[in-house]
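Fold and geometry: a report
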Amino acid sequence: MDLEQLNPQQKAAVKVGSGPTLVLAGAGSGKTRVLTLRIAYLIKHQNIPPRSILAMTFTNKAAGEIKKRVENLIGFNPGALWMGTFHSVCLRMLRIYGDQIGLDRNFVIYDEKDSLGVIKKILKNDQSINLTPREIRKYISRKKRLGIFPDQLEDSEPEWGYQGKIIPIYRKYQQNLQLSNALDFDDLLVYTVEQLLAEETVRSMLDRRFQYILIDEYQDINDIQYKFIKKLSQDKNNLFVVGDEDQTIYGFRGSNVYHIFKMEEDFPQVKIIKLEQNYRSTGNILKLASMLISNNHLRKEKILWTDRDWGEPVRLISSEKERDEAYRIASEILELKNQGYNLENMAILYRTNAQSRPFEEVFLKIGIPYVIVGGLKFFERKEIKDILAYLKLMVNPQDSESLARIINFPPRGISSATLQKILSSAAFHNLAPFQYLSELTLAEFTSRQINSIHQFLEFISLLREKSQNYTPLALLEEVLEKSGYLNYWKNREKMNDYSAQDRLENIEEFKRSVEEYQQQNPDHLLLDYLQNISLLSDIDTWDQQQSKINLMTIHSAKGLEFDVVFISGVENEIIPHIRSMGSDADLEEERRLFYVAITRAKSKLLLSYSQYRGNRLTGPSEFLSELPESCITTDQFQQPEPVTQQDPLIGKWFKHKVWGKVQVVDVDKDIALLKLADGTHKYVKIEIAPLETI
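Attention shifts here to the overall build of the chain. Helix and strand counts for the chain come out as 25 helices and 22 strands. Taking the principal axes of its C-alpha atoms as reference, the chain extends roughly 85 × 70 × 55 Å. Looking at the chain as a whole, 53% of its 694 residues are labelled buried. The long-range share in the chain, meaning contacts at least 24 apart out of those at least 6 apart in sequence, stands at 74%. Total accessible area computed for the chain in this model is approximately 31500 Å², and 47% of it derives from carbon and sulfur atoms. Computed over 89 positive and 94 negative side-chain charges, the inter-centroid distance for the chain is 2 Å.

Following this line, the structure appears as structure tokens:
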């Protein structure tokens, strides 16, 4: 393992001795490489068994990539190494040791939609509170991250000004999860920290096992994750954490920038190593970012530098409205593509998801292929959620959300009223719906309903028997065929249901994903597959190899890099967001967010703002005044001349080098719509299109 290519600070971090270590890693300073080499160094040169190392990061994709790199460095598969996200590590612990706190190891994991579904059902019978399901879920999540369960709260306690009305909903929500043998995402951490690791025998056993604990993206941890780390570092404190307080941007998830500062308080012997050489960005981009973040007070001093050249200045452009902004950036993209830049190496970053709309409209019109990272997730599509519900019910028949989702899909003659009767009766008898249907005589239902219910129960029971011996792919094929699900959508396609084709294609893609998982994990059963996909994030399923420009929020772009970055909406009330006004702490987080966006760029950076967004006058962000003028070229907005007549190009004929004779049929700014000889149409940028006058 060659460490000679590392700079002195990186090498010091990799080879540091035992005890707590805080690596302050500036943007683009090679922190993931250092973490990977540190793990490999411990195994190969310090003879630490892989099973004695616990390494955690914040995405499954990053965890998988680090584990692969470690394998390449040490020359063998470190299979016993515990490497994953906080959630996946906690899930693994609960699967192994959960019975010691009364957990059934076959519990299912409820994602956000499942949790909202439970809350919506509770609210149907409780109209006393004027909060949305999403607001209530946010409250529950906040309480759980603090380690507070409903039995620790009094109903009369004033909460959110609703005099305790929200607490009974929290209690019913938790009761629903317990009846369904389900945990939500917050439960994975809270059950592990507040219950499992409260068992001293389990805690001390895990503490002894993990001689070295390594944490990536340490600045993103929240309070419950900090408790987890401390509980596993009581007997030995060989803790190695890598982070950058300048990139703490997840305050809305509970991330707390103070945890980096608390390291010195909680671990007085901590060694601090600073990684300040940036390998990503040009000098101009790095100077711009450094000057911006220097305005924050809550930070540790770092002086980032690079041996790359200064590169071209950062461009600042202004447009009148957001649609004009989208056209101008589209024009820049076409020009860069013409110069040889690949679309997949470009990204448009924005503060809020809603900002993608004008770009989507313009790109569709012009014909620029794009992908939205963090849009509707593949595993949240209806057809995929339906199939997953069948598979989850095989593993855990107590899962009431999954049963309610598919008991009448494809249609089995069980109406929504009948389903509601089943759910209400099951709740009255304090039973999970599947158990209720299996044990009772069903005297309340018609013979047709009873027949449909019995067929459904027999089908699920048969699948449950097969689940112990069948592979995940074989079980999936059994579900698709025997449930009638695949035939349902095939019949819908024949009836000209235009969504059916997309759904069938998604089902085939899902089958491929199961097949790939099975090839990579031949010994894994259905429960393992369900556990794997339940923890996937947007970034885990993103493929940067496709030739499309990337559209994403700045939060989604964290940890990524691109040759060319466009930052849209650098305006007051957006960056910084209107919600941050009046709070110094929130304003500093907004500045960190802008800093993260800037430092995603390797070679070219373009900042853009509009004078108006919708009908609202916004104007340039106050952060722009903090940037060094020497690094920026400004292209100010010019009010266009009013168009009083049709563009003179419309109707004219030209010769195109590739398409031959073409006619201009429409012009929008510097984009022309051409009609080809075969009747098809193409959009081109007028300035660079290879057109000759006929």
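Overall, the coordinates contain four cavities of 30 Å³ or more when judged by the stated rule. In this structure, the largest cavity spans a volume of roughly 70 Å³. As for the largest cavity, its lining consists of Arg 95, Phe 107, Val 108, Ile 109, Lys 392, Val 395, Leu 527, Leu 530, Gln 531 and Ser 534. Looking at the lining of the largest cavity, the elements that each hand over two or more residues are strand 4 (108–110), helix 15 (382–395) and helix 23 (526–534).

Of the residues in the chain, 91% have a pLDDT of 70 or more, and the chain-wide mean is 85. Element-level pLDDT for the chain is lowest in strand 21 (residues 681–685), with a mean of 68, against a maximum mean of 97 in strand 13 (residues 562–567).

The next subject is the sheet that holds strand 2 (residues 53–57). Strands sit in the order 3-2-6-7-1-8 across an open sheet of six strands; the sheet is parallel. Across the chains shown, the open sheet's two edge strands, defined by having one partner strand only, are strand 3 (82–85) and strand 8 (271–275). The mean inter-strand angle of the sheet, taken between neighbouring strand axes irrespective of direction, is 15 degrees. Bridge analysis of strand 2 against strand 3 gives four bridges, and the strand direction is parallel. Of the residues in strand 3, the one forming a bridge with Ala 55 is Met 83. Across the sheet, helix 11 (residues 258–266) touches strand 1 (21–25), strand 7 (239–243) and strand 8, and the angle it forms with strand 1 is around 150 degrees.

Now for the side chain of Asn 7. Summarising the element assignment, Asn 7 is placed in the segment before helix 1 (8–15). Asn 7 has contacts with Gln 277 and Tyr 279, leaving out every residue within four places of it along the chain.

What follows is about the environment of Ile 166. Within the secondary structure, Ile 166 sits in helix 7 (residues 166–179). We classify Ile 166 as buried; its relative accessible area is 0%.

Packed helices, taken two at a time, are described by the angle between their axes plus the distance between the axes. Interhelical geometry of helix 2 (residues 31–44) versus helix 3 (residues 60–74) gives an angle of 45 degrees and a closest axis separation of 9 Å. The orientation of helix 2 relative to helix 3 falls into the category oblique. Like other packed secondary-structure pairs, helix 2 and helix 3 cross with a definite hand, here right-handed. Of the residues in helix 3, those touching helix 2 at Thr 32, Leu 35, Thr 36, Leu 37, Ile 39, Ala 40, Ile 43 and Lys 44 are Ile 66, Arg 69, Val 70, Leu 73 and Ile 74. Residue classes in the contact of helix 2 with helix 3 are distributed as nine nonpolar, two polar and two charged.

What follows deals with the packing of aromatic side chains. Scanning the entire structure with this criterion turns up 14 aromatic pairs. Pairwise contacts between aromatic rings join Phe 409, Tyr 485, Tyr 488 and Trp 489 into one cluster. Across the ring face of Phe 107, the terminal group of Arg 95 is positioned such that the distance to the ring centre comes to 4.1 Å. Its guanidinium or amino end placed over the ring of Phe 409, Lys 382 lies 3.8 Å from that ring's centre, counting from NZ or CZ.

In this structure, Pro 410 follows Phe 409 across a cis peptide bond, with omega equal to 0 degrees. Its place among the elements puts Pro 410 in the loop between helix 16 (400–406) and helix 17 (416–428). The residue after Ile 575, namely Pro 576, is reached through a cis peptide bond having omega 5 degrees. Even without being a glycine, Asn 47 presents a positive backbone phi close to 60 degrees. Its identity is not glycine, yet Glu 217 carries a phi of approximately 55 degrees, on the positive side. Inspection of the secondary structure assignment puts Glu 217 in the loop between strand 6 (212–215) and helix 10 (223–231). Given the relative accessible area of 12%, Glu 217 is considered buried.

So, about the domain arrangement of the chain. Split by domain assignment, the chain resolves into domain 1 (8–95 + 192–277), domain 2 (109–180), domain 3 (314–377 + 542–635), domain 4 (380–535) and domain 5 (652–693). When each unit is reduced to the centre of its C-alpha atoms, the spacing between domain 3 and domain 4 is 42 Å.

This brings us to the sheet that holds strand 10 (residues 346–350). Across the sheet, seven strands lie side by side as 11-12-10-13-14-9-17; this open sheet has parallel pairing. Looking along the sheet, the strands with just one partner apiece sit at the ends: strand 11 (370–372) and strand 17 (632–635). For this sheet the average axis-to-axis angle between neighbouring strands, irrespective of direction, equals 20 degrees. Contacts from helix 12 (residues 283–293) reach strand 9 (314–319), strand 14 (601–610) and strand 17 within the one sheet, and its direction differs from that of strand 14 by about 55 degrees.

Take the nonpolar core next. Counting 62 residues, the largest nonpolar core has Leu 54, Met 93, Leu 94, Ile 215, Tyr 218 and Phe 228 as the members making the most contacts within it. Per element, the largest residue contribution to this core is seven residues, and it comes from helix 4 (residues 86–97). Here this core gathers at least three residues from each of two domains, domain 1 (8–95 + 192–277) and domain 2 (109–180). What Tyr 218 contacts, discounting residues up to four positions off in sequence, is Tyr 226, Ile 229, Val 241, Val 242, Gly 243, His 259, Ile 260 and Met 263. Counting residues in each nonpolar core, the second largest holds 46 residues, with Ala 389, Leu 391, Ile 460 and Ile 533 among its members.

Now for helix 6 (residues 133–145). Compared with an ideal rise of 1.5 Å per residue, which puts 13 residues at 18 Å, helix 6 spans 18 Å between its outermost C-alpha atoms and is within 8% of the ideal. Restricting attention to buried positions, one finds in helix 6 the residues Ile 136, Tyr 139, Ile 140, Ser 141, Lys 143 and Lys 144. Elements in contact with the buried residues of helix 6: helix 5 (112–124), helix 7, strand 5 (182–184) and helix 8 (185–196). Just downstream of helix 6 lies Gly 147, where phi reads positive at about 80 degrees.

Cut-offs applied
- Residues numbered from 1 in each chain as written.
- Predicted model: local features only at pLDDT ≥ 70, side-chain atom pairs only at ≥ 80, totals over all residues.
- Heavy atoms only, no water.
- Helix = DSSP H or I, 4+ residues; strand = E, 2+ residues; numbered from the N terminus.
- Buried < 20%, exposed > 50% of the residue type's maximum accessible area, 1.4 Å probe, protein only.
- Contact = heavy atoms within 4.5 Å.
- Areas by Shrake-Rupley, 256 points an atom, 1.4 Å probe, with all protein chains shown as cover.
- Lys, Arg positive; Asp, Glu negative; His and termini not counted.
- Charge placed at Lys NZ, Arg CZ, Asp CG, Glu CD.
- 1 Å grid on protein atoms, 1.4 Å probe; cavity = no way out; pocket = protein on both sides within 12 Å on 5 of 7 lines; lining within 4 Å.
- Points joined across faces, edges and corners; volume = space filled by probe spheres on them.
- pLDDT = per-residue confidence, 0-100.
- Pairing = 2+ DSSP bridges.
- Axes fitted to C-alpha atoms, helices over the stretch in contact; angles between N-to-C directions.
- Parallel < 35°, antiparallel > 145°, perpendicular 65-115°, else oblique.
- Left-handed = near helix turned anticlockwise from the far one by under 90°.
- Nonpolar A, V, L, I, M, F, W, Y, C, P; charged D, E, K, R; others polar.
- Phe/Tyr/Trp six-rings, centres within 6.5 Å; stacked < 30°, edge-to-face > 60°.
- Lys NZ or Arg CZ within 6 Å of the ring centre and 35° of its normal.
- Domains from an automatic or database assignment.
- Core = buried A, V, L, I, M, F, W, Y, C linked by side-chain atoms within 4.5 Å.
- Expected span 1.5 Å × (residues − 1).

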